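# Observations on the model geometry
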Amino acid sequence: MSSISDLPEYRAAAAVSALEADVLVLGGGPSGAWAALTAAAKGARVVLADKGFLGTSGATAAANTTIIHVPPDPALREAAFSRRWANAFEIAERGWIDRVIDATWHNLNRLADWGYPFPTMEDGSSYRGTMRGPDYMRFLRRRLRKAGVTILDQSPALELLVAEGSVAGAAGIDRVSGERWAVRAGAVVLATGGCAFLSKALGTNGLTGDGTLFAAEAGAVFSGMEWSGHYSVSAAFASVTKGIVYFWGTFTDADGNVLAGRDRQSTVAQKLIDGPVYAVLDKASPRIQEGMRKGQPNIFLPFDRMGIDPFTQRFPVTLRYEGTVRGVGGLAIDEDCATSVPGLYAAGDAASRENLVGATSGGGGPNATWAVASGVWAGQTAAAFAARLGRHHASRKARGIGGNGLRPTGTSRDLDTGEIVAAIQREVLPLDKNFFRSERGLTDSLGNLDGLWRDSAAGLVGTGPSIVRARETAAMIATSRLMFASALERRESRGMHRHRDYPTLDPAQSRRLLSGGLDRIWVRPEAGTILKEAIAS
Amino acid sequence: MIELVSAERCTGCNICVSVCPTNVFDAVEDSPPVIARQGDCQTCFMCELYCPVDALYVAHDANLAVAVDELALEDTKVLGSYRKAIGWTADSRPRRASDRSYLLLKPH
Ligand SMILES: Cc1cc2nc3c(=O)[nH]c(=O)nc-3n(C[C@H](O)[C@H](O)[C@H](O)COP(=O)(O)OP(=O)(O)OC[C@H]3O[C@@H](n4cnc5c(N)ncnc54)[C@H](O)[C@@H]3O)c2cc1C
Ligand code: SF4
Ligand code: SF4
């Protein structure tokens, strides 16, 4: 391997494993798995690195997801489109909605052809509208193995490698052995998921915005970062943020008064700012209870273990922050899932989902659907890009471009990542800062986060395995600044962006906000996108 | 959070060390793994699914450590209950096909 010694940081490391690939996929949730499968099917040599374990990591594995599986019957497709469009607040696009639904239909059927055990309904037919996370991801892992994809588990990427103006691989660490790794690649797919800021929402603690940081370091453009105000209800003590069950719930305040309101999520959020809120799932019929028990057993793990019957006993609830996981914002991409940086592609929650979901990712399974379609497209395009480069790519002179947390610009100091993370969380988790936003609040938060960025860029550095937390910390600061800087520029309320100073939707702002930058964050409206075409339907 | 690696049941296969998404366990030679970074546990219950002998127990609380009594857990048959519920044991396999989630998703 010629190239790795070009990287001074890695020359010093005790051991480096160096690999070569046509396509390197970072992240082993559904979007990364689909990207890797598709690239391999195109004949690419594929390496996939995951921070945790492909099969258990990421939001899908732990949670289970609903997904949109609609046959190509014009009336059914029109209804599916309308459901999405109704929640998109004029930020989505008709053509994208249609093609995402179509691609997912085809690929879920392929999954069935490969032998995936979709559940059967009582009438004996196959039901393909939900994915049981552990089954789905374990199946995809086996399929990847069969396709010859090299999987690096427990191997967080730490930075991208760049050569001749293109992204040319990534480097990271095996956090169990401590060994460093580097993969030279013709193209890289970022499928690192969203960012939930270590809120402990189900399955999200590996999702710290690492891909956002890596891409920002490469100069990439983001879109829709203000669509990041998503919280989900869970029992106050539990991680299980599965909001669907609360459809059959009654919420009450400390005195037992029933909380009512047109927008229940906002009512609960407002009440939680003032004091405790309780719920009981008293509207679930025996049949619905059966659906929950036999379909989503993870709902009951905390209740059963706590000794609470959620259908008859009231329990305290909270809203846990899910950030961009069930938010929307991420890397701006074209219709082939290419980012603005050559050689860099994005899929799943790492990419902006505005084309499909607009201003709110809502219910009904759009995110899981997006993960399939965008994964397939990113894998396809990345493989084609690598093929055009040919084997020559590995002889390019590559360098790592990681900054904050990896290569401090000043004297490295012993900064405590625990304290920095707590300081980030103080800005992004509170409901009165991020569920309900305000000009004043956003400005103050952004000021504090800018300060954290400056200090950590100058002095934060991890050694050994703590390098992972150092980079995660930098990634969370970078992500939160893009979110809040974008939110400040959207002077209205729309979808999951709720602005106290501008409580209504302003039709003149039916356009997207692009953003980017590291030391200096920029935000500007996307040129010429007043997304009105689709309204006609 | 994860509260128990049962020395009684554990075979030392270290699968949990490999599969935990947040790297909570450390392998120990000739012994069961240790819960080395409990504060990093995201209460996802994945380790319970992958432990072949139901030696792990993840308690309900995502924020605070909870004292658990292994004998009591044995008595209530909670060890391995999630693995059974999703059909990941030989005797519970049919439960996979009878996922009734669609009852929640059909128009209501
Ligand atoms: C509780 C809950 C319920 C949900 N329910 C639904 C639903 O019903 N329907 C729906 O459509 N959506 C749902 N979602 C959202 C859905 O789970 C996500 O949109 C989906 O998992 C995105 O897939 P992904 O592959 O992009 O990311 P993920 O599945 O989150 O995977 C990202 C992967 O990247 C890895 N990674 C992160 N950083 C690095 C790094 N530095 N190096 C290497 N790897 C890294 C992580 O370990 C992880 O495995 C839910 C989410 C939650 C939290
Ligand atoms: S997976 Fe189970 S048996 Fe294997 S080491 Fe972990 S606790 Fe022990
Ligand atoms: S519950 Fe999840 S995060 Fe906690 S130890 Fe088990 S696998 Fe790891």
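Here the structure is a predicted model, which is why all the values come from computation and not from measurement. (Residues numbered from 1 in each chain as written. Chains lettered and ligands numbered in written order. Predicted model: local features only at pLDDT ≥ 70, side-chain atom pairs only at ≥ 80, totals over all residues. Heavy atoms only, no water.)

### What to know about the overall build of chain A
Per the secondary structure count, chain A includes 16 helices and 18 strands. Taking all 537 residues of chain A together, 63% fall into the buried category. Put simply, of all contacts in chain A between residues at least 6 apart along the chain, 74% involve residues at least 24 apart. Summed over its atoms, the accessible surface of chain A is roughly 18,700 Å², and 51% of this surface lies on carbon and sulfur atoms. Taking the average place of the 60 positive charges on the side chains of chain A and the average place of its 54 negative ones, the gap between the two points comes to 3 Å. (Helix = DSSP H or I, 4+ residues; strand = E, 2+ residues; numbered from the N terminus. Buried < 20%, exposed > 50% of the residue type's maximum accessible area, 1.4 Å probe, protein only. Contact = heavy atoms within 4.5 Å. Areas by Shrake-Rupley, 256 points an atom, 1.4 Å probe, with all protein chains shown as cover. Lys, Arg positive; Asp, Glu negative; His and termini not counted. Charge placed at Lys NZ, Arg CZ, Asp CG, Glu CD.)

### A short note on the site of ligand 2
Taken together, 14 residues lie around ligand 2, and B:C10, B:C13, B:N14, B:C16 and B:C51 are the ones closest in. A class-by-class count of the residues in the shell around ligand 2 yields 11 nonpolar, three polar and no charged. (Near = heavy atom within 4 Å. Nonpolar A, V, L, I, M, F, W, Y, C, P; charged D, E, K, R; others polar.)

### Digging into the nonpolar core
Ranked by internal contacts, the top residues of the largest apolar core, which has 154 residues, are A:V23, A:L26, A:L111, A:Y246 and A:M292. Counting residues per element, this core draws most heavily on helix α16 (residues 466-489) of chain A, which supplies 12 residues. Ignoring any residue separated from it by four or fewer positions in sequence, one finds A:V23 in contact with A:A39, A:A44, A:R45, A:V46, A:V47, A:A185, A:A187, A:V189, A:A382, A:A383 and A:A386. Core analysis: the next-biggest nonpolar cluster, separate from the first, contains 29 residues, A:F53, B:C16, B:Y82 and B:I86 among them. (Core = buried A, V, L, I, M, F, W, Y, C linked by side-chain atoms within 4.5 Å.)

### Comments concerning the interface of chain A and chain B
At the junction of the two partners, chain A supplies 52 residues and chain B supplies 43 residues. Carbon and sulfur atoms make up 59% of the area that chain A and chain B hide from each other, which totals about 4,100 Å². Across the chain A-chain B interface, the total number found is two salt bridges. Residues A:R305 and B:E48 are paired through a salt bridge, measuring 2.6 Å at the closest nitrogen-oxygen approach. Between the two partners, chain A and chain B, sit 17 residue pairs in polar contact (both at pLDDT 80 or more). Counting only elements with at least two residues in the side of chain A that touches chain B, the list comes to α3 (58-63), α6 (133-146), α9 (286-295) and α10 (300-306) of chain A. Counting residues per element, the side of chain A that touches chain B draws most heavily on α9(A), which supplies seven residues. Partitioning the side of chain A that touches chain B into residue classes produces 22 nonpolar, 18 polar and 12 charged. (Buried area = accessible area lost by both parts, 1.4 Å probe. Salt bridge = Lys/Arg side-chain N within 4 Å of Asp/Glu carboxyl O. Polar contact = N/O pair within 3.5 Å; in protein donor to acceptor, adjacent residues only side chain to side chain.)

### Observations regarding the domain arrangement of chain A
All names here are of chain A. Domain annotation for chain A reports domain 1 (8-227 + 324-400), domain 2 (231-321) and domain 3 (405-507). Every contact between the two is made by 12 residues of domain 1 and, on the other side, 13 residues of domain 2. Inspection of the region where domain 1 meets domain 2 yields one salt bridge. A salt bridge links R287 to E122, with the nearest nitrogen and oxygen atoms 3.1 Å apart. There are 13 residue pairs in polar contact (both at pLDDT 80 or more) connecting domain 1 and domain 2. Residue classes in the side of domain 1 that touches domain 2 are distributed as six nonpolar, two polar and four charged. (Domains from an automatic or database assignment.)

### Concerning the site of ligand 1
All names here are of chain A. What surrounds ligand 1 is a group of 39 residues, the closest being S31, D50, T60, D349 and A368. The separation between an oxygen atom of ligand 1 and a polar main-chain atom of P30 is 3.3 Å. Separating an oxygen atom of ligand 1 from a backbone N or O atom of G365 is a distance of 3.2 Å. Summarising the interface, the protein chains cover 97% of the accessible area of ligand 1, which totals 990 Å² for the free molecule. When residues of the shell around ligand 1 are traced back to their parent elements, those giving at least two are α2 (30-41), α3, β3 (65-66), α7 (210-217) and α12 (366-389). Residues of the shell around ligand 1, tallied by class, amount to 14 nonpolar, 19 polar and six charged.

### Brief notes about the sheet that holds strand β18 (residues 522-525) of chain A
All names here are of chain A. The strand order across the open sheet formed by four strands is β14-β9-β17-β18, and the pairing between neighbours is antiparallel. Either end of the sheet is taken by a strand with one partner, and the two such strands are β14 (330-331) and β18. Where strand β9 (residues 222-223) lies against β14, two bridges are found, and the strand directions are antiparallel. When the bridges of β14 are listed, F222 appears paired with L331. (Pairing = 2+ DSSP bridges.)

### Side note on α12(A)
Residue and element names in this part refer to chain A. The end-to-end C-alpha distance of α12, which contains 24 residues, comes to 34 Å, matching closely the 34 Å that a straight helix rising 1.5 Å per residue would cover. The buried fraction of α12 amounts to 19 of the 24 residues, a majority that puts the element mostly inside the structure. Trailing α12 by a residue or two, G390 shows a phi angle of about 75 degrees, which is positive. (Expected span 1.5 Å × (residues − 1).)

### Structural notes on the packing of α2(A) against α6(A)
Geometrically, a packed helix pair is captured by the angle between its two axes and the distance between the axes. Residues and elements named next belong to chain A. Two numbers describe how α2 lies on α6: the axes approach to 10 Å, and their chain directions differ by 25 degrees. The angle between α2 and α6 places the two elements in the roughly parallel class. For the crossing formed where α2 meets α6, the hand is left-handed. Residues P30, A33, W34, A36 and L37 of α2 form the contact with α6, whose participating residues are Y136, M137, L140, R143 and L144. Counted by class, the contact of α2 with α6 contains nine nonpolar, no polar and one charged residues. (Axes fitted to C-alpha atoms, helices over the stretch in contact; angles between N-to-C directions. Parallel < 35°, antiparallel > 145°, perpendicular 65-115°, else oblique. Left-handed = near helix turned anticlockwise from the far one by under 90°.)

### Some thoughts on the pattern of salt bridges
Residues and elements named next belong to chain A. In total, this model carries 30 salt bridges over all chains according to the counting rule given. Among the ionic pairs, D22 bridges to R45, the shortest N-O distance being 3.0 Å. Taken together, the residues D22 in strand β1 (residues 16-26) and R45 in the loop between α2 and β2 (46-49) connect sequence positions 23 residues apart. The exposure class of D22 is buried, given its relative accessible area of 9%. Owing to a relative accessible area of 29%, R45 belongs among the partly exposed residues under this scheme. Among the ionic pairs, E492 bridges to R490, the shortest N-O distance being 2.6 Å. Overall, the relative accessible area of 0% leaves E492 in the buried class. Look at R490 and you get buried, because its relative accessible area is 0%. Counted as one network, the salt bridges with shared partners bring together K51, D210, R469 and E472.

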